[in-house]
Amino acid sequence: MPLISKVLIANRGEIALRVLRACKELGIATVAVHSTADADAMHVRLADESVCIGPPPSRDSYLNIHQIVAACEITGADAVHPGYGFLSENAKFADILDAHGITFIGPTADHIRIMGDKITAKETAKALGIPVVPGSTGEVRPENALEIAREIGFPVLIKATAGGGGRGMKVARNEDEVEEAVSTARSEAAAAFGNDAVYMEKYLGKPRHIEIQVVGDGEGNAIHLGERDCSLQRRHQKVWEEANSPALNVEQRMKIGEICADAMRKLKYRGAGTVEFLYENGEFYFIEMNTRLQVEHPITEAITGIDLVHEQIRVASGAGLSVTQDEIVFQGHAIECRINAEDPRTFVPSPGTITHFHAPGGLGVRVDSGAYQGYRIPPYYDSLIGKLIVHGRTRVECMMRLRRVLDEFVIDGIKTTLPLFQDLINNQDIANGDYDIHWLENYLAQPAE
Ligand code: MV4
């Protein structure tokens, strides 16, 4: 791959380490950037070079485009991997790197823009043959809201077009609730995103969140790597993800996967992407597409054996995908537990020093974490400190292994979400794979026994 010889990793924490590992395997030099709060982070220690790009607040460091471009110029990095979050879905950042002749390891700025606007994303998905949630075509204005709601049928959901992550969503259960729902959604959207445009959809009451992993080469070739079930979440933060979904059979998987891969071929999509669906009563409904690597990508890697960051780097450099669709084999079952430095019941952040750290091991076990004994978790960033990924030949084997592995994992000095997983692994609904997007919040609302 001649076009990329040094990658600057514009991120921190476990994902910076994850990307660094892929670069090392490909013989590509690495540059870590870090804020003053992250000088002792693992990705900084392991990188070939590192550059301090600013003070702790993200906007002054990990979100500071000029500092990152300057760090590329200083170190001679010819590509940037943005990880997830921060600048990963920032079209302006992709444009600026392009203007500097630096490769953005991700999709084109145009594709980021299309998917960043939820109305355009949905229109594009629909035109490409992806099933979408029934709803308004385009923006909903206060004047036409009631009429559109009647057409869709109640209950309806009002969503911000600049949104995502659930902010600014409002349900209207009947005609009387429409006016207020639209006006509240519009003011919340204006406050959160500086854009008050909203749209309307049929509200699905008890769906699962199922997402399809895709990778395209930008020239009309694309593959899907099956689905992930991310229904177990709290306040739009995923907690536990699995691949395959306990709710799908092989035919459903290949059908929705092929629909997404085909759409990406038509779009000439480049890079890794995730097509998000709500799934209810056997039907898929597109809600959004993420144009980046996702936190939970390792469960897909576990069941396919394909390194998604390798593929991202390959397609960014013009080397193309390493596999064709018919070469992809789905093997067994994988579960990811997100380990956050948080209280396992209230999710209140618990930064501080890790006094003891012992990661589990053995067959089918992967721990992606920049944490180590003596590491002090800074209070400025999100509280994800590691991911535990367990793979087994069947879901039952995967769950049995997870129970063993959770027992082995030791993180002392701070609170973590590990005890929550000890509870979940012994829960009958979880054992049966019988849960939807509301299950975890309902579970947490019950008093702990
Ligand atoms: C929905 C929905 C029900 N019906 N759309 C929340 C985040 C945003 N990305 C999409 N979201 C939802 N959209 C319709 N038409 C319910 C949710 C939703 C949700 C979706 C996925 C995972 C967790 C969720 C939790 C609450 C609500």
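Scroll up for the structure.
Residues numbered from 1 in each chain as written. Predicted model: local features only at pLDDT ≥ 70, side-chain atom pairs only at ≥ 80, totals over all residues. Heavy atoms only, no water.

> Got a minute to help me understand the sheet that holds strand E8 (residues 198-202) in this structure?
Where strands meet in a sheet, backbone hydrogen bonds hold them as pairs that are either parallel or antiparallel. Across the sheet, three strands lie side by side as E7-E6-E8; this open sheet has antiparallel pairing. On the outer flanks of this sheet lie strand E7 (170-172) and E8, each paired with one strand and no other. Neighbour-to-neighbour, the strand axes of this sheet turn through a mean angle of 30°, independent of strand direction. In this structure, strand E6 (residues 156-160) lies alongside E7, joined through three bridges in antiparallel fashion. In the strand pairing of E7, Leu157 is matched with Val171. Sheet strands in contact with helix H7 (residues 145-152) are E6 and E8, and its direction is about 20° off that of E8. Strands in contact with helix H8 (residues 178-193) are E6, E7 and E8; relative to E7, the strand with the most contacts, it is inclined by about 170°. (Pairing = 2+ DSSP bridges. Helix = DSSP H or I, 4+ residues; strand = E, 2+ residues; numbered from the N terminus. Axes fitted to C-alpha atoms, helices over the stretch in contact; angles between N-to-C directions. Contact = heavy atoms within 4.5 Å.)

> Quick question: what am I supposed to make of the packing of helix H4 (residues 91-99) against helix H5 (residues 109-116) here?
For any two helices packed against each other, one specifies the inter-axial angle together with the distance between the axes. Their axes nearest at 8 Å, the elements H4 and H5 cross at an angle of 175°. Considering the angle they form, H4 stands roughly antiparallel to H5. Counting all contacts with H4, which are made through Ala91, Lys92, Ala94 and Asp95, the residues of H5 involved are Ala109, Ile112 and Arg113. For the contact of H4 with H5, the per-class residue count stands at four nonpolar, no polar and three charged. (Parallel < 35°, antiparallel > 145°, perpendicular 65-115°, else oblique. Nonpolar A, V, L, I, M, F, W, Y, C, P; charged D, E, K, R; others polar.)

> Help me out: how do you make sense of the site of the ligand in this one?
Around the ligand, 17 residues are found, and the nearest of them are Lys159, Glu201, Lys202, Leu204 and Glu288. In the model, a nitrogen atom of the ligand is placed 3.0 Å from a nitrogen or oxygen of the Leu204 main chain. Contact between the ligand and Glu288: a nitrogen atom at 2.6 Å from a side-chain N or O atom of the residue. For the ligand, whose unbound accessible area comes to 520 Å², protein coverage reaches 91%. Of all the elements in the fold, those that place two or more residues in the shell around the ligand are E6, E8 and strand E13 (283-290). (Near = heavy atom within 4 Å. Polar contact = N/O pair within 3.5 Å; in protein donor to acceptor, adjacent residues only side chain to side chain. Areas by Shrake-Rupley, 256 points an atom, 1.4 Å probe, with all protein chains shown as cover.)

> Quick question: what am I supposed to make of the environment of Gly163 here?
Along the polypeptide, Gly163 turns up in the loop between E6 and E7. Excluding anything up to four places from it in sequence, Gly163 contacts Lys118 and Phe193.

> Before we go on, may I ask you to explain the packing of aromatic side chains in this structure?
Geometrically, a pair of aromatic rings is defined through the distance of the ring centres and the angle of the planes. Counted according to the given criterion, the structure contains ten aromatic pairs. Each ring, one from Phe93 and one from Phe104, has its centre 6.0 Å from the other, and the planes form 85°; the classification is edge-to-face. Taken together, the residues Phe93 in helix H4 and Phe104 in strand E5 (residues 103-104) connect sequence positions eleven residues apart. Grouping residues by exposure puts Phe93 and Phe104 together as buried. The ring of Tyr435 carries Arg208 above its face, with NZ or CZ at 4.4 Å from the centroid. (Phe/Tyr/Trp six-rings, centres within 6.5 Å; stacked < 30°, edge-to-face > 60°. Buried < 20%, exposed > 50% of the residue type's maximum accessible area, 1.4 Å probe, protein only. Lys NZ or Arg CZ within 6 Å of the ring centre and 35° of its normal.)

> Would you take a moment to explain the sheet that holds strand E3 (residues 49-54) for this structure?
Read from one edge to the other, the open sheet built from five strands follows the order E3-E2-E1-E4-E5, with strand pairing classed as parallel. With partners counted over all chains shown, the strands left at the sheet margins are E3 and E5, one partner each. Two elements, strand E1 (residues 6-9) and strand E2 (residues 29-35), share four bridges in a ladder whose sense is parallel. Residue Lys6 lies in a different strand from E2, and its bridge partner there is Ala29. Along the sheet, helix H1 (residues 13-25) makes contact with E1, E2 and strand E4 (79-81), crossing E1 at roughly 175°.

> Any chance you could explain the side chain of Thr416 here in plain terms?
Examined against the element boundaries, Thr416 turns out to sit in the loop between strand E20 (410-412) and helix H13 (418-424). Look at Thr416 and you get buried, because its relative accessible area is 7%. Within polar-contact distance, the side chain of Thr416 engages the backbone nitrogen of Leu418 at 3.1 Å. Apart from the residues lying within four places of it in its own chain, the contact partners of Thr416 are Ile339, Asn340, Glu342, Pro344, Ile385 and Ile411.

> Explain the environment of Thr124 to me, please; I cannot follow it from the model alone.
The residue Thr124 is located in helix H6 (residues 118-127) in this model. Remark: the alpha-carbon pair of Thr124 and Ala263, spanning 139 residues in sequence, is separated by 9.4 Å. Residues in contact with Thr124, not counting those within four places in the same chain, are Ile114, Met115 and Leu267.

> Any chance you could explain the nonpolar core here in plain terms?
Residues Trp240, Leu388, Leu402, Ile411 and Leu424 are the most contacted members of the largest nonpolar core, which totals 37 residues. If you list the elements that add at least two residues to this core, you get strand E11 (237-243), strand E14 (333-340), strand E19 (384-392), helix H12 (395-408), H13 and helix H15 (439-445). The leading source of residues in this core is H12, at five residues. Excluding residues that lie within four positions of it along the chain, Leu424 makes contacts with Trp240, Ile430, Trp439, Leu440 and Tyr443. Ala16, Ala41, Ala316 and Val323 belong to the second-largest nonpolar core, a separate cluster that totals 32 residues. (Core = buried A, V, L, I, M, F, W, Y, C linked by side-chain atoms within 4.5 Å.)

Interpretation note: all reported values are geometric properties and have no functional meaning in isolation.
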